[in-house]
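As a plain string of letters, each chain reads:
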Amino acid sequence: MRRMINTVDTCRRFEGDVMKPFEHSILDSYPEPYIMFVFSKDSQDGGHINYANQAALEALQLNKNSIGKSIEEVFLHPEQIIQGCRKAISTSEHETLEHVSITHHDIVFESVKFAPISSESGVQYCGMILDTPYTSDKMMTDDRMVESIFMSSPNATLVQSVDGEVFKINPAFTEMFGWKDYEVIGHTISLFPSGYEKEYEEIVRQLRKQDVYLIPKTKRVHKDGTVKDVSICYMNIYNHRRERTAVARLYIDISKQILFHEKYLAQRNSFQLITENMKDLVVIADFSGKVLYASPSHLEITGFSADTYLNRNVFRHIYSEDRRKVFKQIQNMVHAGRSAKAEIRYKHASKGFIWIELIASPLYEGKAPYKKFVIVGRDITDRKHAEQALQESERKYRLILEKTSDFIVTFNQSGDVNFVSPSLKTWLNHSSVTNMYAFMTDYVVRDDFKLLYEITRSVFETKEAEQIAFTLEKNQKNYTFDAVLTPLISNEYNSYEEDMILLIARDITKRLEDEHVSMQLEKMSTVGQLAAGIAHELRNPLTSVKGFIRMINDEVEDPLLQNYLDIIGGELDSIERIADEFMDLAKPHVVKLSETELHDIVDGCVRLFEGTAFLKGINMEVEYIDEQEIILNCQKSALKRVFINIMKNAMEAMEEGGDLKIQVELRDHFVELRFIDSGKGIKEERLKYIGEPFYSTKEKGIGLGLMMSRKIVREHGGKLTIESEYLKGTTIRIILPLAKAPSGLIPIRS
């Protein structure tokens, strides 16, 4: 006879009278047939089948349609079952029936055990466990058949006389306890561990009153001294005169069942401890959405107690726009048998809706199709708010990156570029940058390339930011940039795949030009103050010296001496001219502008130098690219002075003759004049100093002519620039605004 495992002891408590999923799965896997009945507390009805595991359905030859039916509809002797259940429920103790036919007359169970199950609702539960069945008719009496069954039985069996002498054991007994038949037959043997004397006395007492006595759980000793957990059935054996002649013991090793049961209890307690104390939400629901279980953590996370959710639809708490998405994912989960994940808005008692990240999984209760699913959810409201703030921040920073005029590039140690700002792409005529080192080779001027490359490598090595100014060349024009190189290091806080550098460069060309102009103005102011002092000090002695020279010249008749006096007078005139220039530079000018035709000014200047050009062998040519009237709002004498100074310098640079070309060209609302000579030009290292006060390439020059010319052009709202190549010539460009646009041109007004 098999041992009856006390199955229902593992499921004595239900949350809201709902069987927990792990309890359901454990009962399904038990080998013993187990059935649960439900009775109404207030009614004396016969009760109904609430649950039956697979072993019970097979043993009783029933199908799942029997679940839910009344006891009278299914069982052969329903009054015995109802009476056994009612008695167990009323006494809260186990009740046992022996040799009971359940659904068929020819199938008899050695014992049937009824165990009450506690409940807090308006119904009562009782579990029924069935032991080993046997066929009641056609009992075999053939000794050889009985011997064969005895020897091949998987249950360890020992037969002994009433005096305790062993006269039969089967191989299963030898395998379980280690004793051979020749070691025990004809002898008495005790398998009781120490301290089990009272159990022996109880066995003797029970066998005197009844033929069969079952001990569901006890211990016996192996031959080697180890103790085994066993279930034992003691049966009296009688002779034909109904005299008790022997006792048979049937042993079943229940060590694995006990271990399994202990693991189950530990697992059940662990699961219950986890679900009752975990911070995440746990919900078990059927596929209609009805909540069968809700964890206590709901109160802390949603503000609603777990009881609020029981027997209500779980979807009603989900934000309306998210319900369809979740329902669709759960449908897909059912068909595929896999978990589904979603982020939804879930109702809160006081905060409106909070964000929940949930994972829904089908609940295994045997074979598919699944009838329930479990949801585990986590509050991610703070994370969603942080993500939204991050997205907004990223959007703003992206907008800044797209709109900034600074050049922004990120690249790795190999130079491979990860990001290029739109401003740099526009500067490169909408071409992209794929490798930073290739870009440096193509655009960074040679003098700055090595320093920029070394600083880049240093940033990668030291992981410290560096600042540098460098020059880029594009279309034969230089642009100066101020740049910061910042390392982007991959660490536990940043998820960069590799170390990179963030380069932010700002074009400071215009700023440097403005600073240069500011310095020039400051220099001019200083020079003006100096010139005022010098001119003032020179004028009085010059006047006296020149007066005495004239008086001496009138009295002297010697031609040689008069020649010397004329030379002295000429030099004094030069000194006076320089003093006049100082005074012009020092005093503020009130420029009186009037509309003047540019051709008249240029032609007048050309006529002044025709004779000089002829004598020096200089070919002078004037080219009006646009034969239209060009009106300037200017001070004619001042512009004439500028043009004369430029033409004079050009002719002085062509000592052995050459070409002087003057070009006049309209450009929108400006006019450009170009004075191009074929003189000796200016060396590159000296060109940047041209126009500085007191700097001149001429032996007797004082460096104020070009400075004054720039001042006059700037006062007219124009610009003067110098381009020169040594031994090839010089080009001076003057750009001036038009007073009114010529025909076909519309001036741009600010």
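So, how was this worked out
- Residues numbered from 1 in each chain as written.
- Predicted model: local features only at pLDDT ≥ 70, side-chain atom pairs only at ≥ 80, totals over all residues.
- Heavy atoms only, no water.
- Helix = DSSP H or I, 4+ residues; strand = E, 2+ residues; numbered from the N terminus.
- Buried < 20%, exposed > 50% of the residue type's maximum accessible area, 1.4 Å probe, protein only.
- Contact = heavy atoms within 4.5 Å.
- Areas by Shrake-Rupley, 256 points an atom, 1.4 Å probe, with all protein chains shown as cover.
- Phe/Tyr/Trp six-rings, centres within 6.5 Å; stacked < 30°, edge-to-face > 60°.
- Pairing = 2+ DSSP bridges.
- Axes fitted to C-alpha atoms, helices over the stretch in contact; angles between N-to-C directions.
- Salt bridge = Lys/Arg side-chain N within 4 Å of Asp/Glu carboxyl O.
- Core = buried A, V, L, I, M, F, W, Y, C linked by side-chain atoms within 4.5 Å.
- Expected span 1.5 Å × (residues − 1).
- Arc of directions from axis to C-beta.
- Patch = residues over 30% accessible without salt bridge, like charges linked within 9 Å, V, L, I, M, F, W, Y side chains within 5 Å.
- Lys, Arg positive; Asp, Glu negative; His and termini not counted.
- Charge placed at Lys NZ, Arg CZ, Asp CG, Glu CD.
- Polar contact = N/O pair within 3.5 Å; in protein donor to acceptor, adjacent residues only side chain to side chain.
- pLDDT = per-residue confidence, 0-100.
- Left-handed = near helix turned anticlockwise from the far one by under 90°.

## Things to note about the overall build of the protein chain
On a plain count of helices and strands, the protein chain comes out with 21 helices and 28 strands. Relative to its 750 residues, the protein chain shows a buried fraction of 42%. Residue pairs in contact within the protein chain that sit at least 24 positions apart in sequence constitute 53% of those at least 6 positions apart. If you sum the accessible surface of the protein chain, you get close to 43000 Å²; carbon and sulfur atoms cover 51% of it.

## Looking at the packing of aromatic side chains
According to the stated counting rule, one finds 22 aromatic pairs in the structure shown. Residues Phe173 and Tyr251 carry aromatic rings whose centres are separated by 5.9 Å and whose planes lie at 55° to one another, so their mutual orientation is tilted. Remark: Tyr251 occurs in strand β11 (residues 244-253) and Phe173 occurs in helix α6 (residues 171-177); sequence separation between them is 78 residues. Exposure class is identical for Phe173 and Tyr251. Each is buried.

## What about the sheet that holds strand β9 (residues 212-221)?
Picture the strands of a sheet paired through backbone hydrogen bonds; they go either parallel or antiparallel. Read from one edge to the other, the open sheet built from 5 strands follows the order β8-β7-β11-β10-β9, with strand pairing classed as antiparallel. Among the strands making up the open sheet, the edge pair consists of β8 (166-169) and β9. Going across the sheet, the axis of each strand differs from the next one's by a mean of 25°, ignoring polarity. Lying over the sheet, helix α8 (residues 197-209) contacts β9, β10 (227-238) and β11, oriented at roughly 160° with respect to β9.

## Some words on the pattern of salt bridges
Enumeration over the complete set of coordinates arrives at 21 salt bridges. A salt bridge links Arg220 to Glu199, with the nearest nitrogen and oxygen atoms 2.8 Å apart. Linking Arg220 in strand β9 with Glu199 in helix α8, this pair joins segments that are 21 residues apart in sequence. Note that Glu202 and Arg205 form a salt bridge whose closest N and O atoms lie 2.2 Å from each other. With Glu202 and Arg205 both in helix α8 and 3 residues apart, this pair spans about one turn of that helix. Glu202 gets classed as partly exposed once you look at its relative accessible area, which sits at 24%.

## What to know about the nonpolar core
Core analysis: the biggest nonpolar cluster contains 40 residues, and Leu598, Leu632, Phe643, Val671, Leu673 and Ile734 have the highest contact counts within it. Beyond its immediate stretch of four places on either side in the chain, Val671 contacts Leu598, Ile630, Leu632, Val664, Glu665, Leu666, Ile734, Ile735, Leu736 and Leu738.

## Thoughts on α8
With 13 residues, α8 should cover 18 Å at 1.5 Å per step; its first-to-last C-alpha distance of 19 Å lies within 8% of that length. For α8, the full list of buried residues reads Ile203, Gln206 and Leu207. Angularly, the buried residues of α8 cover 95° about the axis, an arc narrow enough to put them on a single face. The outward face of α8, more than 90 degrees from its buried face, is lined by the exposed residues Lys198, Arg208 and Lys209. Packing partners of the buried residues in α8 comprise β9, β10 and β11.

## Observations concerning a positive patch on the surface
Where like charges cluster on the molecular surface, the positive patch consists of Arg312, Arg316, Arg323 and Lys347. Position of Arg316 among the secondary structure elements: in the loop between α10 (297-302) and α11 (320-336). The partly exposed category is assigned to Arg316, whose relative accessible area is 46%.

## What to know about the side chain of Asn645
Take Asn645: it is sitting in helix α19 (residues 636-653). Side-chain polar atoms of Asn645 contact the side chain of Ser709, separated by 3.1 Å. When neighbours within four sequence positions are excluded, Asn645 is seen to be in contact with Gly705, Leu706 and Ser709.

## Focus: the pairing of β11
Within β11, 7 of the 10 residues are buried, which leaves the element mostly enclosed by the surrounding structure. The sheet contact formed by β10 and β11 spans 9 bridges and is antiparallel. Residue Ile237 lies in a different strand from β11, and its bridge partner there is Ala246.

## Describing the confidence of the model for the protein chain
Residues with a pLDDT of 70 or more make up 80% of the protein chain, whose mean pLDDT is 80. When mean pLDDT is compared element by element in the protein chain, strand β26 (residues 670-677) scores highest at 94, while helix α9 (residues 255-277) scores lowest at 64. Note that pLDDT drops below 50 for residues 1-17; the model gives that stretch 76 contacts with residues more than four away or on any other chain. Taken as a whole, residues 743-750 scores under 50 in pLDDT and shows 7 contacts with residues more than four places along the chain or in a different chain.

## As for the packing of α19 against helix α21 (residues 705-715)
Where α19 contacts α21, the two axes come as close as 9 Å, and the packing angle between them is 145°. Note on packing geometry: the crossing formed by α19 with α21 is left-handed. Contact residues: Ala638, Leu639, Arg641, Val642 and Asn645 in α19; Gly705, Leu706, Met708, Ser709, Ile712 and Val713 in α21.

## Let's talk about α21
Among all positions of α21, only Leu706, Met707, Met708, Ser709, Lys711, Ile712 and Val713 are buried. Gly717 occupies a position one or two residues after α21 and carries a positive phi of about 75°.

## A look at the sheet that holds strand β25 (residues 658-667)
Sheet architecture is open: 5 strands sit in the order β23-β25-β26-β28-β27, paired in mixed fashion. Each of the sheet's edge strands pairs with one partner strand only, and the pair in question is β23 (618-624) and β27 (719-725). Within this sheet the neighbouring strands show an average axis-to-axis angle of 15°, counted without direction. Direction of pairing for β27 relative to strand β28 (residues 729-737): antiparallel, over a ladder of 7 bridges. Each residue of the ladder has a partner; that of Glu725, found in β28, is Gly729.

## Section: a nonpolar patch on the surface
A contiguous nonpolar patch, built from Leu560, Leu561, Tyr564 and Ile567 and spanning about 380 Å² of accessible area, is present on the exposed surface. Checked against the element boundaries, Ile567 lands in helix α17 (residues 559-586). Here Ile567 falls in the partly exposed class, since its relative accessible area comes to 46%.

## Here's the deal with the environment of Thr218
As for its position among the elements, Thr218 is in strand β9. Given a relative accessible area of 3%, Thr218 falls into the buried group. Sequence separation of Thr218 and Asp229 is 11 residues, and the distance between their C-alpha atoms is 5.9 Å. With near-sequence residues (within four places) excluded, Thr218 lies in contact with Tyr196, Glu199, Lys228, Asp229, Val230 and Ile232. Polar side-chain contacts of Thr218 include one of 2.9 Å to the side chain of Glu199.

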